[in-house]
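# Structural overview
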Amino acid sequence: MNIKDCVDYINFWIRKQRGSFLTIEESVAVLDLGQIAYYNDIIQKYAVSQIIKDTLAPFKATYNFNTIVADPQLVTIPELFLRNTITANASSVGVVVNVASTLGLVIGDVVVVSTGAGLFQPDTTITKIINATSFEINIVPITTITTGDRILIFQSKPYLDLLDLEIQFTSNGHSVHYPIKMINEDERGDRLNSQIDPPLATAPVGEMIERRTIKLTPANTNYVGSATYMRRPRKPVYGYSIVGGRSIVYDPSSSVQLEWRDTDINAILLKALASIGINLSDQEVSQFAQAKTQENYQGVNHL
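Below, the structure is looked at part by part. Since the model is a prediction, treat every value here as computed from it, not as a measurement.

With that out of the way, let us pick up the pairing of strand S16 (residues 247-250). Pairing of strand S15 (residues 240-243) with S16 involves 4 bridges; the strand directions are antiparallel. The residue of S16 that forms the bridge with Tyr 240 is Tyr 250. Hairpin connection of S15 to S16: 3 residues between the antiparallel strands, including Gly 244 at a positive phi of 70°.

What follows is about the packing of aromatic side chains. Applying the stated criterion across every chain yields a total of 9 aromatic pairs. Ring geometry for Tyr 238 and Tyr 250: centres 5.2 Å apart, planes at 65°, overall edge-to-face. One end of the pair, Tyr 238, is in the loop between strand S14 (224-231) and S15; the other, Tyr 250, is in strand S16, with 12 residues separating them in the sequence. Like Tyr 238, the residue Tyr 250 is buried in the burial classification. Positioned above the aromatic ring of Phe 81 is the side chain of Lys 157, whose terminal nitrogen or guanidinium carbon lies 5.3 Å from the ring centre.

Taken together, the 4 strands give an open sheet; going across it, the order is S2-S13-S12-S11, and neighbouring strands pair in mixed fashion. Looking at strand neighbours, the two that pair on one side only are strand S2 (74-76) and strand S11 (181-182), the edges of this open sheet. Looking at chain direction, S2 and strand S13 (residues 213-217) are connected through 3 bridges and run antiparallel. Bridge pairing links Thr 76 to Thr 213 in S13.

Soluble, globular proteins show a tendency: their nonpolar side chains are buried together. Formed by 32 residues in total, the largest nonpolar core has its most connected members in Tyr 9, Ile 10, Leu 31, Leu 56, Trp 260 and Leu 273. Where this core is concerned, the elements lending two or more residues are helix H1 (3-18), helix H2 (24-43), helix H3 (50-56) and helix H5 (262-274). The element best represented in this core is H2, accounting for 8 residues. When sequence neighbours within four positions are dropped, the list of residues in contact with Trp 260 reads Gln 35, Tyr 38, Tyr 39, Ile 42, Thr 55, Leu 56, Phe 59, Pro 233, Ile 265 and Ile 268.

The next subject is the environment of Asn 220. Relative to the helices and strands, Asn 220 resides in the loop between S13 and S14. Placed 149 residues apart in sequence, Asn 220 and Asp 71 show a C-alpha to C-alpha distance of 8.0 Å.

The next subject is the packing of H1 against H5. Relative to each other, H1 and H5 sit at 45°, their axes nearing to 11 Å. When the axis of H1 is compared with that of H5, the two are oblique. Crossing handedness for the pair H1 and H5: right-handed. Where H1 abuts H5, its residues Cys 6, Tyr 9, Ile 10, Trp 13 and Ile 14 lie against Ile 265, Leu 269, Leu 270, Ala 272 and Leu 273. Here the residues of the contact of H1 with H5 are counted per class, giving 10 nonpolar, no polar and no charged.

Calculation notes
Residues numbered from 1 in each chain as written. Predicted model: local features only at pLDDT ≥ 70, side-chain atom pairs only at ≥ 80, totals over all residues. Heavy atoms only, no water. Pairing = 2+ DSSP bridges. Helix = DSSP H or I, 4+ residues; strand = E, 2+ residues; numbered from the N terminus. Phe/Tyr/Trp six-rings, centres within 6.5 Å; stacked < 30°, edge-to-face > 60°. Buried < 20%, exposed > 50% of the residue type's maximum accessible area, 1.4 Å probe, protein only. Lys NZ or Arg CZ within 6 Å of the ring centre and 35° of its normal. Core = buried A, V, L, I, M, F, W, Y, C linked by side-chain atoms within 4.5 Å. Contact = heavy atoms within 4.5 Å. Axes fitted to C-alpha atoms, helices over the stretch in contact; angles between N-to-C directions. Parallel < 35°, antiparallel > 145°, perpendicular 65-115°, else oblique. Left-handed = near helix turned anticlockwise from the far one by under 90°. Nonpolar A, V, L, I, M, F, W, Y, C, P; charged D, E, K, R; others polar.

Interpretation note: all reported values are geometric properties and have no functional meaning in isolation.
Here is the structure:
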């Protein structure tokens, strides 16, 4: 199901049970609540079965770190990751940005343009992929983007759940990997005072001190390694235009679809409706999906 089908589904049951409806933006917000609730349910079972690992695979991300000398204990996973750097292909005016290729860009990517005085703010995001060589952003640029300007594309990967943390050392020309033990505050004193198993540069301990910041011990060591974590599922976007002042026309090119497998969409929809007090069964979900399938095939000759 695409984002339009999901919104239609939510409003179908709201109209049926309450005689009212939600706006598109409200429906998408409810859908996002549903996917986060579903994520929270199954993340606790990660690695229990291959099916659940496959379900959560789109949300697994890796951050490679190299702690700085000024504060070698802290590893901070950033909110934004530089994913691509492209060059402006022609003069761009207004919200349209022209490039050589939009391949790999997605709606919601954060855009920063190095134009000197016309530097974009980090909250500038791609709102629509127009075609293979241009895209739209969500604000009017201060200055015109000209040929040769560097456009930095960032992807947002908000940190949710840490899966693994490891450091790397080079020994005899080979890269050696060591796991980092994550401890709780009640374990900290025992580990720091331990004569048998003290924290070492090759066997440090880590402690989460902020949402995206991990403190490594012992101090005064430059750590190089990687953090594997589960990021937040991307927020869906329902792209549309209004024709004639009243007709809403769905626009898939400016929409952001759910990243989940089709087999998980039903559960997300049930969670979304439950968040507003409507509880359904899987059978009712299947009946709606079957009705939509028949509707889509009306007037088509299958002989």
